[in-house]
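# Chains, contacts and geometry: an overview
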Amino acid sequence: MKDEEYMRRALNISLQGNPSPNPYVGAVVVREGEIISEGYHKKAGMPHAETEALDKVDAMGATLYVTLEPCSHHGRTPPCTDKIIKSGIKKVVYGVDDPTEKVKGREALEAAGIEVVSGVLESECRRVNEVFFKYSTTGLPYVVLKAALTLDGQIATASGDSRWITCEKSREEVHRLRSRYDALLVGVNTVLRDDPMLTSRISGGRNPLRVVLDSTLRTPSDSRVLSDRNVLIATTKNHPVEKKKILVGKVEIMVFDSERVDLDELLKKLGKKGVTSVMVEGGSEVFTSFLAQNLVDKFHLFIAPKIMGGLNKPAFTGEGINSMKEVFNVEFTSVERIGCDIMVEAYPKK
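Rules of the game
Positions within a chain are numbered from 1, following the residues in the order the chain's sequence is written. Reporting of local features is limited, given that this is a predicted model, to residues whose pLDDT is at least 70; pairs of side-chain atoms are given and counted only at 80 or more, and all residues count toward the totals for whole chains, interfaces and linings. Side-chain metrics in this entry use all non-hydrogen atoms of the structure; hydrogen atoms and water are not considered. Strands are labelled as partners when DSSP assigns at least two bridges between them. By the criteria applied, helices consist of DSSP H or I runs no shorter than four residues and strands consist of E runs no shorter than two, each listed in order from the N terminus. Fitting a line to C-alpha atoms yields each axis, with helices limited to the stretch in contact; the angle taken between N-to-C directions then spans 0 to 180 degrees. Contacts between residues were defined by any pair of non-hydrogen atoms, one from each residue, lying within 4.5 Å. Within this document, salt bridges are pairs made up of a side-chain nitrogen of Lys or Arg and a carboxyl oxygen of Asp or Glu, the two lying within 4 Å of each other. Between buried and exposed lies partly exposed: a residue is buried under 20% and exposed over 50% of the maximum accessible area for its type, with that area taken using a 1.4 Å probe on protein chains only. Only residues whose relative accessible area exceeds 30% and that take part in no salt bridge are eligible for patches, with like-charged residues grouped when within 9 Å of each other and nonpolar side chains (Val, Leu, Ile, Met, Phe, Trp, Tyr) grouped when within 5 Å. Values of accessible area rely on a 1.4 Å probe in the Shrake-Rupley scheme; residue burial ignores everything except the protein chains shown. For this analysis, a polar contact is any N or O atom pair within 3.5 Å, provided that within protein one partner can donate a hydrogen and the other can accept it, and provided that sequence-adjacent residues contribute only side-chain to side-chain pairs. Among buried residues, the Ala, Val, Leu, Ile, Met, Phe, Trp, Tyr and Cys ones that are joined through side-chain atoms within 4.5 Å form a nonpolar core. This arc describes the spread of directions from the helix axis toward the C-beta atoms. Convention used here: a crossover is right-handed provided that the path from the first strand, over the helix, to the second strand proceeds clockwise when the strands point away from the viewer.

Take the sheet that holds strand β12 (residues 277–282) next. The strand order across the open sheet formed by nine strands is β11-β10-β9-β8-β12-β6-β13-β16-β15, and the pairing between neighbours is mixed. Each edge of the open sheet is held by one strand with a lone partner, namely β11 (252–256) and β15 (330–338). Recorded for the sheet is a direction-independent mean angle of 20° between the axes of neighbouring strands. In the sheet, strand β6 (residues 142–149) pairs with β12 via four bridges, with the strands oriented parallel. Each bridged residue has a counterpart across the sheet, and for Val144 the counterpart in β12 is Met279. Packing of helix α6 (residues 130–138) onto the sheet brings it into contact with β6, β12, β13 (298–303) and β16 (341–348), and relative to β6 it is tilted by some 140°. Across the sheet, helix α10 (residues 263–272) touches β6, β8 (183–187), β9 (209–213), β10 (231–236), β11 and β12, and the angle it forms with β11 is around 140°.

Take a look at the structure:
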């Protein structure tokens, strides 16, 4: 097997973890062309991938493949470089440099006489940790826009009915995505129309922080989204004081001194709270605002084989454009069949 194949295996197993705010990391130990051990970072505070893999085997003289540059600092866990050096590993191959300044793993390994090779499947390794790279370098959450829509771009009927545009398998995939991101954001109209729980109903999954954009605190106090305290309502100076008194004991209220919630400022505040990623789930006004302000880093679009026609609820609203030169261009990176639907992964085109 080639270096790329071992690294791809490390990438695949890295995704078995849910380590936020830490990066996804997978490690593979190879001796004489055979994989003798594997490991991945399961959760923040638990052993890193390198330790997971090296604790299972005598690695003397072997090669370690790891998706991210090994750390050399003390955090919740000891430095991975110390573990690697003590294990007797003779060569380390990693995918991408760690963007944090305090991590200089390569230098520590080379100083110990270990051969180091970097840049194997670098772009793939970077993409797996796109959330970590943005948050660790900017302090801002990575923003993903997720929408379920028909072939003609509608997310609901004229009356607001959207259950269900996509099939059950697509909805299961959405729950998996919810478990992966730190926060899930909707507008208050979605809460009023659908009364969603916005949780991740998968085995072993985690529920994200639910963020509701609600300029005048119209969220009913008995909404299902308020079933626990892991909720933040972003409102404005126009909110009714009495309604705030009712909600403040149930959820966190974040007040903005403006007519509308400032999305830029909201993302900054969420970043300071340690939220590394946000999945925006609706509705069309919210989608349009994030898109218009160039705040979207990635798209997850679930497209159903259905056509509504007529004047319904498009995914994106606004006044329209006059020229094709004004369109918002995206780049498709993955198109996958999910049941009878299609899931498209795309990024804003630079």
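Taken as a whole, this structure holds 18 salt bridges when the rule is applied. Two residues, Asp297 and Lys134, come together in a salt bridge whose shortest N-O distance is 2.7 Å. Here Asp297, found in the loop between α11 (284–292) and β13, pairs with Lys134, found in helix α6; they are 163 residues apart in sequence, far enough to count as distant. We note a salt bridge from Glu281 to Arg178, for which the minimum N-O separation is 2.8 Å. One end of the pair, Glu281, is in strand β12; the other, Arg178, is in helix α7 (residues 168–180), with 103 residues separating them in the sequence. There is no split in this pair, since Glu281 and Arg178 are both buried. Through salt bridges with shared partners, one network takes in Glu130, Lys298 and Glu345.

Now for a nonpolar patch on the surface. Taken together, Phe328, Val330, Phe332, Val335 and Ile342 make up a surface patch of nonpolar side chains, about 440 Å² in accessible area. If you tally residues by element for the nonpolar patch, the top one is β15, at three residues. Classification of Val335 by relative accessible area gives exposed; the value is 55%.

A word on the environment of Thr150. With respect to the helices, strands and loops of the structure, Thr150 is situated in the loop between β6 and β7 (154–156). C-alpha separation for the pair Thr150 and Ile303, spaced 153 residues apart in sequence, amounts to 5.5 Å. Dropping the residues within four chain positions of it, Thr150 is found in contact with Ile165, Ile303, Ala304, Lys306 and Met308. A distance of 2.4 Å separates the side chain of Thr150 from the side chain of Asp152, its partner in a polar contact.

With that settled, consider the nonpolar core. Counting residues in each nonpolar core, the largest one holds 35 residues, and the members touching the most others are Met7, Val29, Leu64, Tyr65, Ile84, Ile89 and Val92. The set of elements that each furnish at least two residues to this core consists of α1 (3–14), β1 (26–31), α2 (49–54), β3 (63–68), β4 (91–96), α5 (122–128) and α6. For this core, the element with the highest residue contribution is α1, accounting for five residues. Non-local contacts of Met7, meaning those with residues more than four positions away in its chain, are made with Tyr65, Val66, Thr67, Val93, Tyr94, Gly95, Val120, Leu121 and Cys125.

Every buried residue of helix α3 (residues 80–87) is accounted for by Cys80, Thr81, Ile84 and Ser87. One side of α3 carries all its buried residues, which in axial view fall inside an arc of 130°. Of the surrounding secondary structure, the elements contacted by the buried residues of α3 are α2, β3, β4 and α4 (105–111). Of the residues one or two after α3, Gly88 is the one with positive phi, at around 90°.

Turning our eyes to something else, we now look at the pairing of β8. β8 sits mainly inside the fold: five of its five residues count as buried. What you see with β8 is no split at all: Ala183, Leu185 and Gly187 on one side and Leu184 and Val186 on the other are buried throughout. With five bridges connecting them, β8 and β9 associate as parallel partners. Each bridged residue has a counterpart across the sheet, and for Ala183 the counterpart in β9 is Leu209. Handedness of the crossover joining β8 and β9 through helix α8 (residues 188–194): right-handed. In terms of strand pairing, β8 meets β12 through four bridges, oriented parallel. The residue bridging Ala183 from the neighbouring strand is Val278, located in β12.

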